[in-house]
Amino acid sequence: MSTPHEVRTVTGEAELRAALTLFRQCLHGEAPSDEDWPRAYGSFDRATVLGTYDDTGIIGTLTANGSVLALPGGKVVPMDAVSRVGVRPDRTRRGVVSAIMRAHLEGTSAPIATLRATEGTIYRRFGYGVATRFRSTELNFAKARLHDRAPVAGDVRLVQDMDEVRRLVPELTQRFGTARTGGITMSEGYWNMVLGREKTMRLAIHEDGFAAYKVVELPDGHYAYEMKVRSMFATTPTALATLLKFLLGIDLVRTATFDGRPVDEDLELLLVDPRAVTYKDFEDETWLRLVDVPAALAARTYGDAEPVVLEVVDDLLPANSGRYVIGPDGAERTDRSAQLRLGVADLGAAYLGDRPLSQYAAAGLVDVLDPAALPAADRLFLLDRTPWCGTYF
Ligand SMILES: CC(=O)SCCNC(=O)CCNC(=O)[C@H](O)C(C)(C)COP(=O)(O)OP(=O)(O)OC[C@H]1O[C@@H](n2cnc3c(N)ncnc32)[C@H](O)[C@@H]1OP(=O)(O)O
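Because the structure is predicted, anything quoted here is derived from the model rather than measured.

The rules behind the values
- Residues numbered from 1 in each chain as written.
- Predicted model: local features only at pLDDT ≥ 70, side-chain atom pairs only at ≥ 80, totals over all residues.
- Helix = DSSP H or I, 4+ residues; strand = E, 2+ residues; numbered from the N terminus.
- Rg over C-alpha atoms; globule rule 2.2 N^0.38 Å.
- Buried ≥ 20, exposed ≤ 12 C-beta atoms within 10 Å, placed from the backbone.
- Contact = placed C-beta atoms within 7 Å.
- Domains from an automatic or database assignment.
- Pairing = 2+ DSSP bridges.
- Near = placed C-beta within 6 Å.
- Nonpolar A, V, L, I, M, F, W, Y, C, P; charged D, E, K, R; others polar.
- UniProt positions renumbered as here; feature names shortened; annotations may be inferred.
- Axes fitted to C-alpha atoms, helices over the stretch in contact; angles between N-to-C directions.

**Student:** Now, about the overall build of the protein chain: what can you tell me, with residues and values included?
**Tutor:** A tally of regular secondary structure across the protein chain gives 10 helices and 20 strands. What you see for the protein chain is a C-alpha radius of gyration of 22 Å, in line with the 21 Å of a compact globule of 393 residues. For the C-alpha atoms alone, the extent of the protein chain along its principal axes is close to 65 × 55 × 30 Å. Burial statistics for the protein chain: of 393 residues in total, 44% are counted as buried. Of the contacts formed within the protein chain by residues at least 6 apart in sequence, a portion of 74% connects residues at least 24 apart.

What follows is the structure in structure tokens.
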């Protein structure tokens, strides 16, 4: 590999602290304080950190958190959750992050990497595509009431003690976070950092899901509060309705915002007045990169349709380039002629089944060499349920 910047693994506590400081400063934030550092240090418990240095110190960094990803068909595979990417502002636009991205993709053993992007125009060139999307849901408590047929059943236990909240969140996300395609898990050290400074996080736990939320006083309110639901996983419709009923029953709350919800979670169907719900902030969630295309294609299951031959183009990791036959029984390399051709970023985008390949083709992102293959590819790749992650990192 020849790049103008040498990339190496960041090792030891002092170097990790410098890397995190650099990243936070790149996002216009503060260096970790002495008080925060132990938890921040602990958050590297399953991470590989890369850095680029010059004679002024560290100038670029990337963290690859060892994680897992739930695939169509239910398999859960190793995945690098890439975060804390930053280049010092006096060293940008000279290829530093390109060198680090390449080093990460060439060095990792995970077949898939995902990230959350600060900007929409950076990561496609490295082979990442938008594989899941989310939106926020706002509920007006004055109007929001479940109708009589909503499937409410089972008890909800409330946990208010922060030590117990910190202990339970990693366990609960482990249990429920990968139930849906696109779900991931994060390490205990990561959660310890995220929840370390929280003082008023509450947990509502049902046997098939949970909600983690805060209730904050409205600035101009007199005993008027707003609920912020940071995380909610409901693996059954009953868990969703029951958790919702519990949250709506909390006194003094005027509105609730549920962050980062699945785009097919239509809460109005559970309510008497559908106008109690407003959806907003529809955005990209998971950017996904197939690092090892043959392994990743073989790891998911496919729908029922005639097999299709895809030609994948990957300029950054050329070993991935080539033709693959994909059918109900799986996927493997083939010498047969290609029917559809697409770049690895668009394959990553379509991989979890968020949108049909025909939509990418209509946008000019898939070359259709044999039109008969397109409806078959749609049936092979699509899921009965929109993929969604729900865990921010
Ligand atoms: C997963 C995460 O952690 S998201 C957080 C990402 N970090 C940030 O947003 C912090 C602030 N920004 C930065 O630290 C840096 O500007 C980075 C990391 C975004 C880019 O680093 P750089 O070293 O400048 O990128 P590099 O020089 O390798 O550029 C690669 C290409 O991306 C383009 N590019 C880089 N940054 C941007 C940007 N912000 N917007 C659009 N294009 C960009 C470059 O123009 C270049 O294009 P080219 O290949 O066509 O010439």
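**Student:** Can you tell me about the domain arrangement of the protein chain, naming the residues and giving the values?
**Tutor:** With domains assigned, the protein chain is organised as domain 1 (7–110), domain 2 (134–283) and domain 3 (292–381). The distance between the C-alpha centroids of domain 1 and domain 2 comes to 30 Å. In this complex, domain 1 contributes 17 residues to the contact, which on the side of domain 2 involves 15 residues. Taken together, the elements giving at least two residues each to the side of domain 1 that touches domain 2 come down to α2 (37–42), β3 (57–70) and β4 (76–87).

**Student:** Kindly report on the pairing of strand β19 (residues 340–343), identifying the contributing residues and their values.
**Tutor:** In the sheet, strand β16 (residues 308–313) pairs with β19 via four bridges, with the strands oriented parallel. The residue of β19 that forms the bridge with Glu-311 is Arg-341.

**Student:** Just give me the short version of unusual backbone geometry, but keep the residues and values in it.
**Tutor:** Residues other than glycine predominantly adopt negative phi, and peptide bonds predominantly adopt the trans conformation. Unlike most non-glycine residues, Leu-252 shows phi in positive territory, near 75 degrees. Tracing the backbone shows Leu-252 in the loop between α6 (237–248) and β13 (253–262). One non-glycine residue, Asp-281, lies in positive phi territory at about 50 degrees. With respect to the helices and strands, the residue Asp-281 is situated in strand β14 (residues 277–284).

**Student:** Give a detailed account of the site of the ligand, specifying residues and quantitative values.
**Tutor:** Taken together, 23 residues lie near the ligand, and Val-85, Thr-92, Val-97, Ser-98 and Thr-118 sit nearest. Sorting the residues of the shell around the ligand by element identifies β4 and α3 (96–107) as the ones contributing at least two each. Considering each element in turn, the shell around the ligand owes the most residues, six residues, to β4. For the shell around the ligand, the class distribution of residues is 10 nonpolar, seven polar and six charged.

**Student:** Which residues make up the UniProt feature "domain: Enhanced intracellular survival protein" (unreviewed entry) in the protein chain, and what are the values?
**Tutor:** Those residues carrying the UniProt feature "domain: Enhanced intracellular survival protein" (unreviewed entry) are residues 293–389 in this numbering. Secondary structure within residues 293–389 divides into 31% helix and 24% strand; the distance between the first and last C-alpha atoms comes to 21 Å.

**Student:** Would you mind going over the sheet that holds β19 in detail, with residue names and values included?
**Tutor:** Where strands meet in a sheet, backbone hydrogen bonds hold them as pairs that are either parallel or antiparallel. Pairing is mixed in the open sheet, where five strands are placed in the order β18-β17-β16-β19-β20. Of all strands in the sheet, those bounded by a partner on one side alone are β18 (330–333) and β20 (366–368). In this sheet, neighbouring strand axes are inclined to one another by 25 degrees on average, regardless of whether the strands run parallel or antiparallel. Seen against the sheet, helix α10 (residues 373–381) touches β16, β17 (322–327), β19 and β20 and runs at an angle of roughly 85 degrees to β16.

**Student:** Requested: an account of the UniProt feature "active site" (unreviewed entry) in the protein chain, with residues and values cited.
**Tutor:** UniProt tags Tyr-123 and Phe-393 as "active site" (unreviewed entry). Looking at the element boundaries, Tyr-123 is found in the loop between β5 (112–115) and β6 (129–130). Residue Tyr-123 is classed as buried on the basis of its C-beta count, with 24 C-beta atoms lying within 10 Å. Its location among the elements puts Phe-393 in the segment after α10. Once you skip the residues sitting within four places of it in the chain, Phe-393 turns out to touch Asn-65, Ala-81, Ser-83, Arg-116, Met-186 and Tyr-190.

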